[in-house]
Amino acid sequence: MDWLYSLFVGGGIAHTVFTLALVITAGILLGKVKVCGISLGITWILFVGIIAAHFGMGIPAEVRHFIQEFGLILFVFSIGMQVGPGFFASFKHGGLTLVCLASTIVLLGVGVAYVIHLVSGTPIPTMVGILSGAVTNTPGLGAAQQAYADASGVEDPSIALGYAVAYPLGVIGIIFSMIFIRYALRVKFGKEDEALAAISAEHKMAEIVSIECTNKMLSGHDISYVNELINRKFVISRIAHPDGTIVLADSNSIISLGDKVLVVCASEDCEAVTAFIGNRIEMGEKEWDTPDSKLVSRRILITKPEINGKTFADLRLRTRYGINITRVNRAGVDLIPYQGMQLQIGDRVMVVGPENAIEKVAAVLGNSLKKLREPNLVTIFVGIALGVLLGSIPLLNVPQPVKLGLAGGPLIVALLLGRFGPRFHLVTYTTMSANLMLREVGIALFLAAVGLGAGDGFIDAIVGGGYRWIGYGALITVIPLLLVGIFARARLKMNYYTLMGLMAGSMTDPPALAYANGTAGNDMPALSYSTVYPVVMFLRVLTAQIFILFAL
C-alpha cells in the first residue's frame, strides 16, 4: 500500500495531478451548497486547498507556483477577450457615470485598508490580502502575490491567508449593503419597475418604421441625397410605390411623393427621421414581403476569417449582389450598419434581397455555425505572449519597479484584442461555452494552488490574531459600498436594480450578482455589472500591486 500513501502525501507528477483534481472536485461540489440562498461558489476550492495542505497534501513549490500563475493568466485573459468588444462602449450611454462610481468604490476600499493598516499596525502585504478577500477579487490577490515575490524574492503566505479569512464575510457584506440601502431609503419595487419600463422604451438600439413620403424637397432625389441632408444614421430598406410594386432600395433609388419607405434607425433618431421624410404609417414587415416583390430577409452569420476586420465599403455587397443590409447584431445588440463599419467573426447581418442573391452573400460571409465552434488558438497564445511581455515591462520606480504583472498585462492585451483585433485580421471570437470553460479551468487551478500554498500556517494565523482580519475585511467591504450606494440613490436618483448591479460589479462578485438578478427579476443588474466589470477588474489588479510596492 506504499503506492497509495505516496499518491496522497508523496511527491511527483502523479501526486500533484491527483491532489489538484481532488481539491478542485471537492471545492466545486461544496460550491453548490447554499445557505440562505448564498453560496461561496468556486471559492470553496481555496478553502479545500488550505485544509488539504494542513493535513500534509502539499505539492512542490515550483510546480505550485507555475500552476498558480498560469491559471491566473488563463482566467484574466478569457475575461478580457469576453468583455473587450464592449469595454470602450461602456463609457457611452450613461456608462461613464457607472464607471466613475465603481472606481470611487475601488479607491475608497484602498483608502479604508490603508487607514486600518495605520491604526492596527497590520503589515501591508497582509492588509492587501484582506483587501482582496473583502472585495472578493481573486486577480487582485494574484497580482499582489506576484508583485511581492518579484520585489522581495520570497513569498508571503499572509497575503493568501488574509484573503481566505476576509472572503466569506465579503460576499455577505455586499448583499447586506444592498438590503440596507433598500430599506433605509425605502425603495419600492413597483416604482423601480415603472422607471425601468421607461428606460427600456427610450434606449432600444434599432427600430423599424414605415413612413410615407410627403416632403416635396425629397421628391425626385435619390437616397444618398436624403442621407446627406439629415445627420442621422438610418437605412432605407425597401420602397413601395403607389402602384403597389415593392423594390429593394439602394443609394441610387429615387424617392417620390406618395412612396412608402421601410426605414431602420436608432430609436432616438426615429422621430427626427420620420418628421423629415413624411408621416409614419402602420405597415407591418409582412406587408413589405408581398409575393410580387420576390424579396426575402435572412440573418447571415459571419464565419469566414478573411471577412474579419473588413468594412461594408470593402465588400460592396449592395452593388455586387443587389441586396440591402438593414441591421448588424453583435453580442445580442442590433446596430445600424454604415459603410465604414468593421465586421467581426460572429456578427449576424440582416440581409434583404432576392433569394438567389442572398445565397451568394451567405457564401461570401460564411454562414457556417460549425466554423464558429472551432477554437482560434493562435490568437489566444499570441495574446498571452504579448500580455506576459507587457506585464514584464517596468512602468514606474516608486521605489520598486511597478509592473502590470501576469494579471494586468494579459488582461489589457485581451481587452485590446477583443476591441481592435479585427482591424488586424485577428479572429478573436470564441463561443461563450469555450470562453467559460477556459475561464473556469484557469480560476480553479489558481485557487487550488493558492490554497495548497497557504494551508500550513492558516490555523496558527487565526489563533495568533488573524480573527481580527474578519472585522477589518467587513469594514473594507461595507463602508465604500454604503457611501457610494447612498449617494448614487439619494443624489443621482439611480434605479435600484442598476445600483445593485453596480455594487456587485464594483466587487466583481458573481454570488452578489446572482442575488441581485434574483431580487430584481430582470437583467438590469447584469447590464450595469458588465458595464463596470472590466474597468474595476483592471483597477483592482493595479491598486493591489501599487499598494504592495509602496510598502517595500
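Residues numbered from 1 in each chain as written. Predicted model: local features only at pLDDT ≥ 70, side-chain atom pairs only at ≥ 80, totals over all residues. Heavy atoms only, no water.

Per an unreviewed UniProt entry, the protein goes by the name TrkA C-terminal domain protein and belongs to Alistipes putredinis DSM 17216. As recorded by UniProt, the Subcellular location (unreviewed entry) comment attached to the protein reads in full: "Cell membrane". Its UniProt record, at the heading Sequence similarities (unreviewed entry), says of the protein: "Belongs to the AAE transporter (TC 2.A.81) family." (UniProt positions renumbered as here; feature names shortened; annotations may be inferred.)

A. Molecular detail of the sheet that holds strand 6 (residues 260–265). Taken in spatial order, the five strands of this open sheet run 4-3-6-1-7, and their pairing is antiparallel. The strands lining the two open edges of the sheet, one partner per strand, are strand 4 (246–248) and strand 7 (278–281). Averaged over all adjacent pairs, the angle separating strand axes in this sheet is 35°, with direction ignored. Of the strand pairs in this sheet, strand 1 (residues 207–213) and strand 7 are connected by four bridges, and their pairing is antiparallel. By the bridge assignment for strand 7, I211 is matched with R280. Sheet contacts for helix 11 (residues 267–277): strand 1, strand 3 (234–240), strand 6 and strand 7; angle to strand 1, the most-contacted strand, approximately 10°. (Pairing = 2+ DSSP bridges. Helix = DSSP H or I, 4+ residues; strand = E, 2+ residues; numbered from the N terminus. Axes fitted to C-alpha atoms, helices over the stretch in contact; angles between N-to-C directions. Contact = heavy atoms within 4.5 Å.)

B. Spotlight on the nonpolar core. Within the largest apolar cluster, 95 residues are counted, with the highest numbers of intra-cluster contacts made by M178, I476, Y496, L499 and L502. If you tally residues by element for this core, the top one is helix 8 (residues 157–184), at 13 residues. Sequence-distant contacts of M178, that is, excluding residues within four places in its chain, are made with Y496, M500, M503, A504, A512, Y515 and A516. L343, V349, I358 and A362 belong to the second-largest nonpolar core, a separate cluster that totals 22 residues. (Core = buried A, V, L, I, M, F, W, Y, C linked by side-chain atoms within 4.5 Å. Buried < 20%, exposed > 50% of the residue type's maximum accessible area, 1.4 Å probe, protein only.)

C. Representation of the pairing of strand 6 in the model. For strand 6, the tally of buried residues reaches five of six residues, placing the bulk of the element in the interior. In terms of strand pairing, strand 1 meets strand 6 through six bridges, oriented antiparallel. Within the sheet, the bridge partner assigned to E212 lies in strand 6 and is K260. Pairing of strand 3 with strand 6 involves six bridges; the strand directions are antiparallel. Its bridge partner being in strand 6, A240 is matched across the sheet by K260.

D. Molecular detail of the packing of aromatic side chains. Using the criterion set out here, one finds six aromatic pairs in the structure. Centroid distance F66 to F70: 5.7 Å. Interplanar angle 5°. Geometry classified as stacked. Residue F66 and its partner F70 are located together in helix 4 (residues 61–87), separated by four residues, close to a single helical turn. Taking the relative accessible area as the measure of exposure, F66 reaches 54% and is therefore exposed. Each residue in the set F189, Y496 and Y497 is aromatic and connected to the rest through ring pairs, giving one cluster. (Phe/Tyr/Trp six-rings, centres within 6.5 Å; stacked < 30°, edge-to-face > 60°.)

E. Broad picture of the environment of D222. With respect to the helices and strands, the residue D222 is situated in strand 2 (residues 221–222). C-alpha of D222 to C-alpha of D250: the two residues are 28 residues apart in sequence and 8.7 Å apart in space. Those residues in contact with D222 that lie beyond four places of it in its chain are S251, N252, S253 and I254.

F. Structural detail: helix 15 (residues 355–365). All of the buried residues in helix 15 are A357, I358, V361, A362, V364 and L365. End-on, the buried residues of helix 15 take up no more than an arc of 160°, which puts them together on one face. (Arc of directions from axis to C-beta.)

G. Fine view of the side chain of S210. Along the polypeptide, S210 turns up in strand 1. Residue S210 is classed as buried on the basis of its relative accessible area, which comes to 3%. Side-chain polar atoms of S210 contact the backbone oxygen of M283, separated by 2.9 Å. Setting aside residues no more than four positions away along its own chain, S210 makes contact with V261, L262, N279, R280, I281, M283 and W288. (Polar contact = N/O pair within 3.5 Å; in protein donor to acceptor, adjacent residues only side chain to side chain.)

H. Quick peek at the pattern of salt bridges. Taken as a whole and assessed by the stated rule, the structure comprises one salt bridge. With a shortest N-O distance of 2.7 Å, R298 and E359 are connected by a salt bridge. Of this pair, R298 sits in strand 8 (residues 296–301) while E359 sits in helix 15, and the two are 61 residues apart along the sequence. With a relative accessible area of 41%, E359 lands in the partly exposed category. (Salt bridge = Lys/Arg side-chain N within 4 Å of Asp/Glu carboxyl O.)

I. Broad picture of the packing of helix 5 (residues 95–120) against helix 22 (residues 496–506). Following both chains from N to C, one finds helix 5 and helix 22 inclined at 45°, their axes separated by 9 Å at the closest point. As judged from the angle between their axes, helix 5 and helix 22 are oblique. Along this stretch, helix 5 crosses helix 22, giving a crossing that reads as right-handed. On helix 22, the residues that touch L98, L101, A102, I105 and V106 of helix 5 are T498, L502 and S506. (Parallel < 35°, antiparallel > 145°, perpendicular 65-115°, else oblique. Left-handed = near helix turned anticlockwise from the far one by under 90°.)

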